[in-house]
Amino acid sequence: MDEDKFALVEKILKDVDNILSKNADLCSFDIVPVDCNFQNKSPVLLLENCLGLESWCMKHVYMYCYSELMDKYFVKPKRKTAKSSVNSERLEKLLNVTLLLNPELNTFWNKRKELVLRLLLDKTAELRFTKLVLSRKPKCNDAFSHRRWILEAILKDQNLQTNDIETLINEELHICQLSSDRSPNNYHSWNHRTWLLHTLKLVEKKFDINFLYVKEYNFSEAWVSKHISDFSCFHYRQFCIKNIFAISNEHWKSFEASIDVNLRKSFVRVLAKHFPKDATMQASEEDLISYSEENLIKLLLCYSSKSCDCIADNILLCRKLEILFHELVLNNELVRFYKGHETLWYHRRFIIHEILSSMHDHFGVVRLNGVLVKDICRNCNHDDLRQKQAKIIRYDSNRIYSCVLFNVLSRHEQDFIEERQKECDNYAGRHEKYLKFVEGLNNVM
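Keep in mind that this is a model prediction, so the values were computed, not measured.

Undergrad: Looking at this structure, how should I read the overall build of the protein?
TA: For the protein, the count of helices and strands is 20 helices and five strands. In the protein, once contacts between residues fewer than 6 apart in sequence are set aside, the share between residues at least 24 apart is 67%. Split by element, the accessible area of the protein, about 23700 Å² in all, is 49% carbon and sulfur.

Below, the structure written as C-alpha cells:
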C-alpha cells in the first residue's frame, strides 16, 4: 500500500475512534454508496447520531486493518512476550473498523472478549458497539452472541439496581425489534429475545418477570398480525404462552385486563357452539359462564384417572385452556383473512398439541409409540407407587375421547377443516393428516 493510502486509512481509523469514544448516542452504522472521493475530504460521515463510511474506500480500509490484525495479533510469536506489551488501543481501533465492515469474524469477537476480561474494554461501550454492528447486519449471530456474553457479565453484578435492569431490558427489546424490522424472519433477533427472558430469571428477585411475559405476549400478537409468515415470532409467542400458564392470580388479572378480551367468554363461546349433541347437561353460554373453574373442568373432563396422590390444579388448567382457545380463535381469524400461509397452520399445530397435552396430563397418560399409556408421576416420591407404575400399561383411550372437551375440540377442527377445504386451502388437508397421524386421532376423525 502506498503512502497516500496508508495515511488515508490511518485518518479513517482515527476519525472512527474519535466518533465512537465521544458519541455515546450513536444509533446506526452503514456504508454510503460513493464512487470516488471528489471533494478530497474524510470518508467518515456523522449525521444525527448515525455513523457512515463512503464505499469507495471500504476495500482499502478493510484489507489494511485485517492484514495488520492477522500479522501482529493473531500469529503466535516465536518467543513468549508479556500480554501487557500488546498495544490495546491500536488493537481496539483495528477491531472496531474491521468488525463494522465485516462482523462475521468469530475470532475477532473472541479477541474483544479477551480485552473485556483484561478490563481494557468497557462493557457498556461494548453494548453500544454491538448495537452499531446490528444496525447494519441485523442477522449477525456473532454480534448477538457477544452481546449476550456482555449482558450475562453485567447481570451477575450483585450491586445492580432495579432501574438499571429495566434500562437494559428496554434497550435489548428495542434492539431486537429494530433487527426484526430491518430483516424479515430474523431468527437470531427472536432467539436473543427468548434468551433475555430466560436469563432474567437469574435476577427475578429484583425484577417482575411475570409482568414482562404478559407485555411480550401482547407485543407478539401485534407483530404476528402484521408479519404473518414470520414463524420466528410465532415461536417466540409460543414461548410466552407457556410462561403465562403458571403466572400468579394477581398477574392473571393484569393479563386479562391488558389483552382487552374476556377469556372466559371467548372460551365458552367455542364450547357452546360445538357442544356434543347427545349431552344431557345445559350448554348455553350463559350457563357455562356461571361455572367456577373447578366445576367447568369437571364438566369438560369428567374426572381424572391419575393413580398418584397429587392434587390437580383445575383453576390453573382452566386458565391454560382459556388462553389456548383464545389463541385458537385468533388463529381462525388469521387463517381466514390470510389465505395460504403455512406458518399460521404450523402455529395451529402447536395450539392443538398443547390442548391435547393438557388433557393427557389431566388423565395421567402419555403417548408412546402411537398409543396412550399410563404416565409415571414425576412429582410423587412414593417408591412403591413408582414400582407399580414402572410397567407400561395401555390406557383406555375412550375415557379421553368421550369427554366433552375432546368432542368440542374434534368438532371444532373438523368444521374448520371443511370450511377451509371449500375455500381450496391445501393446508387444511395437511392439518387433518397431522391430527390423524401425528396426534393419533385417526380412529376418531
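That was the structure; now back to the text.
Undergrad: I would appreciate a short explanation of the environment of alanine 312 in the present structure.
TA: Tracing the chain through its elements places alanine 312 in the loop between helix H14 (293-301) and helix H15 (314-337). Residue alanine 312 is classed as partly exposed on the basis of its relative accessible area, which comes to 36%. Taking the C-alpha atoms as reference points, alanine 312 and aspartate 361, 49 residues apart in sequence, are found 9.6 Å from one another.

Undergrad: Teacher, can you tell me more about H15 here?
TA: Turn by turn, an α-helix covers 3.6 residues, leaving residues three or four places apart pointing in a common direction. Between the first and last C-alpha of H15 there are 35 Å, a value that for 24 residues agrees with the 34 Å anticipated at 1.5 Å per step. For H15, the buried fraction is high: 18 of the 24 residues fall into the buried class.

Undergrad: Quick question: what am I supposed to make of the sheet that holds strand S2 (residues 44-47) here?
TA: Sheet strands pair via backbone hydrogen bonds, and the direction of the pair is either parallel or antiparallel. Taken in spatial order, the three strands make up an open sheet running S1-S3-S2, and their pairing is mixed. The open sheet has two edge strands with one neighbour each: strand S1 (28-32) and S2. Adjacent strand axes in the sheet meet at a mean angle of 25°, parallel and antiparallel pairs treated alike. Inspection of the sheet shows S1 paired to strand S3 (residues 50-54) by five bridges, in the parallel sense. Paired with isoleucine 31 across the strands is leucine 53, a residue of S3.

Undergrad: What should I look at first to understand the pattern of salt bridges in this one?
TA: It is possible for side chains bearing opposite charge to pair when their charged atoms get close. This model, assessed by the stated rule, comprises 23 salt bridges. A salt bridge links glutamate 126 to arginine 112; the nearest nitrogen and oxygen atoms lie 2.6 Å apart. Residue glutamate 126 is located in helix H5 (residues 123-136), and its partner arginine 112 is located in helix H4 (residues 106-117); the two are separated by 14 residues in the primary sequence. In this structure arginine 112 comes out as buried when scored by relative accessible area, which is 2%.

Undergrad: Teacher, can you tell me more about unusual backbone geometry here?
TA: Among all residues save glycine, negative phi is the norm, and among peptide bonds the norm is trans. At leucine 119, a position not held by glycine, the phi torsion is positive, near 60°. Residue leucine 119 is classed as exposed on the basis of its relative accessible area of 70%. Of note in this structure, cysteine 424 is not a glycine but carries a positive phi near 60°. Tracing the chain through its elements places cysteine 424 in the loop between helix H19 (404-422) and helix H20 (426-437).

Undergrad: How should the packing of helix H12 (residues 263-273) against H15 be read in this particular structure?
TA: To describe two helices that pack against each other, one gives the angle between their axes and the distance between the axes. Where H12 meets H15, the axes come as close as 9 Å, and the angle between the chain directions of the two elements is 70°. Put simply, H12 runs roughly perpendicular to H15. Residues Leu263, Arg264, Ser266, Phe267 and Val270 of H12 touch H15, and the partners they reach there are Cys318, Leu321, Glu322, Ile323, Phe325, His326 and Val329. Tallied by class, residues from the contact of H12 with H15 come to eight nonpolar, two polar and two charged.

Undergrad: Quick question: what am I supposed to make of the packing of aromatic side chains here?
TA: The relation between two aromatic rings is expressed through the spacing of the ring centres and the mutual angle of the planes. Throughout the structure, instances matching the rule amount to 18 aromatic pairs. Between phenylalanine 231 and tyrosine 346 the ring centres are 6.2 Å apart and the planes differ by 75°, which places this aromatic pair in the edge-to-face class. One end of the pair, phenylalanine 231, is in helix H10 (residues 231-244); the other, tyrosine 346, is in helix H16 (residues 342-363), and 115 residues separate them in sequence. With a relative accessible area of 31%, phenylalanine 231 lands in the partly exposed category. Cluster of aromatic residues (ring-pair linked, three or more members): Trp190, Tyr213, Phe219, Trp223, Tyr236 and Phe239. Sitting over the face of the ring of phenylalanine 74, lysine 111 holds its NZ or CZ atom 5.0 Å from the ring centroid. Directly above the ring of tyrosine 217 sits arginine 237, whose terminal nitrogen or CZ lies 4.0 Å from the centroid.

So, how was this worked out
In every chain, residue numbers begin from 1 and rise along the written sequence. Given that the model is predicted, a residue must reach a pLDDT of at least 70 before its local features are reported, and side-chain atom pairs must reach 80 or more before they are shown or counted; all residues, however, enter totals for whole chains, interfaces and linings. To obtain the side-chain values, all non-hydrogen atoms of the structure were included, while hydrogens and water were left out. Numbering goes from the N terminus for both helices and strands, where a helix is a DSSP run of H or I of at least four residues and a strand is a run of E of at least two. When checking whether two residues touch, look at their non-hydrogen atoms; a contact exists if any pair is within 4.5 Å. Accessibility throughout is a Shrake-Rupley quantity obtained with a 1.4 Å probe, and a residue counts as covered only by protein chains that appear here. Burial classification: accessible surface area is computed with a 1.4 Å probe over protein chains only, and a residue below 20% of its type maximum counts as buried, one above 50% as exposed, and the rest as partly exposed. In this scheme, a helix's expected span is set at 1.5 Å multiplied by one less than its residue total. At least two DSSP bridges between two strands are required for those strands to pair. Angles run from 0 to 180 degrees between N-to-C directions of axes, and those axes are lines fitted to C-alpha atoms, restricted for helices to the stretch in contact. Definition used for salt bridges: Asp or Glu carboxyl oxygen within 4 Å of a side-chain nitrogen of Lys or Arg. An angle below 35 degrees is read as roughly parallel, one above 145 as roughly antiparallel, one from 65 to 115 as roughly perpendicular, and any other as oblique. Residues were grouped as follows: Ala, Val, Leu, Ile, Met, Phe, Trp, Tyr, Cys and Pro as nonpolar; Asp, Glu, Lys and Arg as charged; and all remaining residues, including Gly, as polar. Each pair of aromatic rings taken from Phe, Tyr and Trp, with Trp reduced to its six-membered ring, is defined by centres within 6.5 Å and is described as stacked if the planes are under 30 degrees apart, edge-to-face if over 60, and tilted in the remaining cases. Criterion for a charge above a ring: Arg CZ or Lys NZ at most 6 Å from the ring centre, at most 35 degrees from the ring normal.

Read these as layout, nothing more, since geometry by itself doesn't imply function.
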